[in-house]
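A closer look at the structure
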Amino acid sequence: MGKVIAVANQKGGVGKSTTAVNLASCVAARHKSVLVVDMDPQGNSTSGFGVSKRSVDKGVYELLIGEAAPAETLQKTQFSVDVIPSNTQLAGAGIELVEMPHRESRLREGLAAIVPQYDYIFIDCPPSLDLLTLNALCACDSVLIPLQCEYYALEGLSELMSTLKTVRKKYNPYLDIEGVVFTMYAGRLNLTLQVVEQVKKYFGDKVYKTTVPRNVRLSEAPSYGMPINHYDPVSKGSEAYMEMADELLKNNGG
């Protein structure tokens, strides 16, 4: 049975899509079967794998509203990762879902038939705590939280933890924290070290040893529609995400 991991943080610009795309690709490079579900209307994970958002006929939107079966939404990529893409219609899905029965579990129900086909499924969440994110949190086994080392990141983290607590109580009692990952990491800055210290105090061994540095190649890769381990396998960014993939696999028994 595949493990479903939501990559979530309601703060924008912390490296959610970067982590979803590159971690998924690096896990696939370790000979695991991997699916990425793009729940962000911006569609960065979709384009990050070279899939054109404009050409998406059936994607996660159609899956959520029950107009397409999961098999119809799957797109194979050249990177050994399958994608359920986002398209522009997803932006309005939050409003449409409000009126629907079981509105918080539409994604879980939609994915149920294909979860057993994969070792890992990563859900890239939007930068907000809306119905799309709620669907992701109800559909997943655990949450991976990318965190930038700055003061405001800690504020956002407490809101996210409060949301996870509510989701556990109401919808998904087995929801676990996969881990916290530091992105855009600059170890020489005092503020970085202070944030790391506080997060470790709260999350303990859930904090990943692997950190992702600021890296130009990592920033360039999405514009070529390629994950970093294919765009520049020897870059610092690629090394970091391969290490993170190995850490994730080790935490989950290989």
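Heads up: these notes are all about the structure in this document. (Residues numbered from 1 in each chain as written. Predicted model: local features only at pLDDT ≥ 70, side-chain atom pairs only at ≥ 80, totals over all residues. Heavy atoms only, no water.)

Let's talk about the overall build of the chain
Of regular secondary structure, the chain possesses 12 helices and eight strands. By the compact-globule yardstick of 18 Å for 254 residues, the chain fits well, its C-alpha radius of gyration being 17 Å. In terms of overall dimensions, the chain has C-alpha extents of about 50 × 40 × 35 Å along its principal axes. Of all 254 residues assigned to the chain, the portion counted as buried reaches 54%. For the chain, contacts bridging at least 24 residues in sequence account for 78% of all contacts bridging at least 6. For the chain, the exposed surface amounts to about 11500 Å²; the carbon and sulfur share of it is 50%. Mean positive and mean negative side-chain charge positions of the chain (25 and 28 charges, respectively) differ by 5 Å. (Helix = DSSP H or I, 4+ residues; strand = E, 2+ residues; numbered from the N terminus. Rg over C-alpha atoms; globule rule 2.2 N^0.38 Å. Buried < 20%, exposed > 50% of the residue type's maximum accessible area, 1.4 Å probe, protein only. Contact = heavy atoms within 4.5 Å. Areas by Shrake-Rupley, 256 points an atom, 1.4 Å probe, with all protein chains shown as cover. Lys, Arg positive; Asp, Glu negative; His and termini not counted. Charge placed at Lys NZ, Arg CZ, Asp CG, Glu CD.)

Some thoughts on the packing of aromatic side chains
Enumeration according to the criterion identifies five aromatic pairs in this entry. Aromatic pair phenylalanine 49 and phenylalanine 79: ring centres 6.3 Å apart, planes at 45 degrees, arrangement tilted. In this pair, phenylalanine 49 is assigned in the loop between α2 (44-48) and α3 (60-64) and phenylalanine 79 in the loop between β3 (75-76) and β4 (81-84), connecting sequence segments 30 residues apart. Residue phenylalanine 49 shares its accessibility class with phenylalanine 79, and that shared class is buried. Relative to phenylalanine 203, the ring of tyrosine 202 has its centre 4.8 Å away and its plane inclined at 70 degrees; by these criteria the two rings are edge-to-face. (Phe/Tyr/Trp six-rings, centres within 6.5 Å; stacked < 30°, edge-to-face > 60°.)

A look at helix α9 (residues 190-203)
Along its 14 residues, α9 runs 20 Å from first to last C-alpha, staying within 8% of the 20 Å computed at 1.5 Å per residue. Of the positions making up α9, those classed as buried are Thr192, Val195, Val196, Val199 and Phe203. Mapping the buried residues of α9 onto a view down its axis gives an arc of 100 degrees, with all of them on the same face. Structural note: α9 exposes Asn190, Glu197 and Lys201 on the side pointing more than 90 degrees away from its buried face. (Expected span 1.5 Å × (residues − 1). Arc of directions from axis to C-beta.)

Section: the pattern of salt bridges
If the charged atoms of two oppositely charged side chains come close together, the side chains can form a pair. Under the counting rule described, the total for this entry stands at seven salt bridges. Here aspartate 82 makes a salt bridge to lysine 76, at a shortest N to O gap of 3.1 Å. Accessibility expressed as a relative area gives 69% for lysine 76, which makes it exposed. Among the ionic pairs, glutamate 220 bridges to arginine 217, the shortest N-O distance being 2.7 Å. Of this pair, glutamate 220 and arginine 217 both sit in helix α10 (residues 216-220), three residues apart, roughly one helical turn. Here arginine 217 falls in the partly exposed class, since its relative accessible area comes to 31%. One continuous salt-bridge network, built from bridges that share partners, spans Arg217, Glu220 and Asp232. (Salt bridge = Lys/Arg side-chain N within 4 Å of Asp/Glu carboxyl O.)

Geometric descriptors of this kind do not, in isolation, establish any biological role.
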